[in-house]
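# Residue-level structural notes
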Amino acid sequence: MSLNVAETGERPLREVVACRLRLMILEGALKPGERLVEGQLAERLGVSRNPVREAMRSLEATGLIEVVPRRGASVIVIDPEEAHHIQQIRILVEGYAIEQAAKLGDAEALERIRLCIERGRRATERGDAVEAAVCHRQFHIAVEAAAGMPFLQQMLDPLRQQTELVFSVVTDRRGDVTWDEHEAIYNAISAGDAETAREMVRSHIMNALDSFQAAAET
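A short tour of the structure in this document, coming up. (Residues numbered from 1 in each chain as written. Predicted model: local features only at pLDDT ≥ 70, side-chain atom pairs only at ≥ 80, totals over all residues. Heavy atoms only, no water.)

## Considering the overall build of the chain
Quick note on the threshold: Only DSSP runs of H or I with at least four residues qualify as helices, and only runs of E with at least two residues qualify as strands; both kinds are numbered from the N terminus onward. Burial status follows relative accessibility: with a 1.4 Å probe on protein chains alone, a residue under 20% of its type maximum counts as buried, one over 50% as exposed, and anything between as partly exposed. Contact between two residues is taken to exist if any of their heavy atoms lie within 4.5 Å; hydrogens are not considered. Using the Shrake-Rupley algorithm and a 1.4 Å probe, accessible areas are obtained, with residue cover drawn only from the displayed protein chains.
Along the chain, the regular secondary structure elements total ten helices and three strands. Reading the chain from its N terminus to its C terminus gives the helix and strand order α-α-β-α-α-β-β-α-α-α-α-α-α. Per-residue burial for the chain yields a buried fraction of 48% across its 218 residues. Long-range pairs, those at least 24 residues apart, make up 74% of the contacts in the chain between residues at least 6 apart in sequence. Carbon and sulfur atoms form 50% of the exposed surface of the chain, whose accessible area is close to 10700 Å².

## Some remarks on the sheet that holds strand S2 (residues 65-68)
Here is the rule we go by: Pairing between strands requires that DSSP locate at least two bridges from one strand to the other.
Taken in spatial order, the three strands line up as S1-S3-S2 in an open sheet, and their pairing is antiparallel. Strands with a single pairing partner mark the edges of an open sheet, and in this sheet they are strand S1 (35-36) and S2. With four bridges joining them, S2 and strand S3 (residues 72-75) adopt antiparallel strand pairing. Considered in S3, the bridge of Val68 is made with Gly72.

## A few points about the nonpolar core
This is how it is decided: What makes a nonpolar core is a set of buried Ala, Val, Leu, Ile, Met, Phe, Trp, Tyr and Cys residues whose side-chain atoms join them at distances within 4.5 Å.
Core analysis: the largest hydrophobic core is formed by 25 residues, its most contacted members being Ile98, Ile113, Ile117, Phe139, Val143, Ile185 and Ile189. Put simply, the parts of the chain that give this core at least two residues each are helix H5 (80-104), helix H6 (107-125), helix H7 (129-146), helix H9 (176-190) and helix H10 (194-217). Once residues within four sequence positions are removed from consideration, Ile185 is found in contact with Ile98, Phe139, Met200, Val201 and His204. Listed in part, the 21 residues of the second largest apolar core include Val17, Ala18, Leu36 and Ala42.

## A closer look at the packing of helix H2 (residues 13-26) against helix H3 (residues 38-45)
The description of two helices packed together rests on the angle between their axes and the distance between the axes. Formally: Fitted lines through C-alpha atoms give the axes, limited to the stretch in contact for helices. The angle between two N-to-C directions lies from 0 to 180 degrees. When an angle is under 35 degrees it counts as roughly parallel; over 145 it counts as roughly antiparallel; between 65 and 115 it counts as roughly perpendicular; any other value is oblique. Each residue is assigned to one of three groups, with Ala, Val, Leu, Ile, Met, Phe, Trp, Tyr, Cys and Pro labelled nonpolar, Asp, Glu, Lys and Arg labelled charged, and all others, Gly among them, labelled polar.
At a closest axis distance of 12 Å, the pairing of H2 and H3 adopts a crossing angle of 100°. With respect to their mutual orientation, H2 and H3 come out roughly perpendicular. Side by side, H2 and H3 meet where Val17, Arg20, Leu21 and Met24 of the first sit next to Leu41, Arg44 and Leu45 of the second. Each residue belonging to the contact of H2 with H3 can be placed in one class, and the counts come to five nonpolar, no polar and two charged.

## Describing the pattern of salt bridges
Condition: The term salt bridge refers to a pairing of a side-chain nitrogen on Lys or Arg with a carboxyl oxygen on Asp or Glu at a separation within 4 Å.
Scanning the entire structure with this criterion turns up ten salt bridges. Residue Arg126 is joined to Asp128 by a salt bridge in which the shortest nitrogen-to-oxygen separation is 3.7 Å. Residue classification places Asp128 among the buried residues on the basis of a relative accessible area of 5%. Bridged by salt links that share partners, the residues Glu111, Arg114, Glu118 and Arg122 form one connected network.

Structural data, given as structure tokens:
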């Protein structure tokens, strides 16, 4: 289980460790709800605690790990049926947010969305699934911010925390297809086409859910 030199190459060790931990979670080597202890993981991977600590922070940003005060870090737990219900709610709320973003057409907000897509594509191309998942999360946050309604993010953040595993699985399975969908959403917002933007985000979320359910059945 220890990392080898070939895996590390010229990539930062924290990035390599994050990718390995992410793979262990998605493949079930680290179970949902399992506590993650820095020292034990460091020994298991044959590295010091620092890159493990940094890797866990990055995985927390993707929603694969949750950190609870006084309890520490653990692998996120997700119920497929619950994920389905939450994604339906996200379709409604994010659909509204994206309509508002298209109507508002804030140039700075649109640029932030575009940069998320650009960074995400680059991460996918170089095989950095952790960074790609972070960019995916930031894309949705940027879209919500573009609506000009701060309370929307407050509403959606708890839902997002519970369903980021869905999109983490999708990042691996669908790769560039996911970014194509993001770009289509961005293009609709940029064009001020609220109806198309809303339909695009609905399709994107449902495609992610379908991919997640397919992965859960294999």
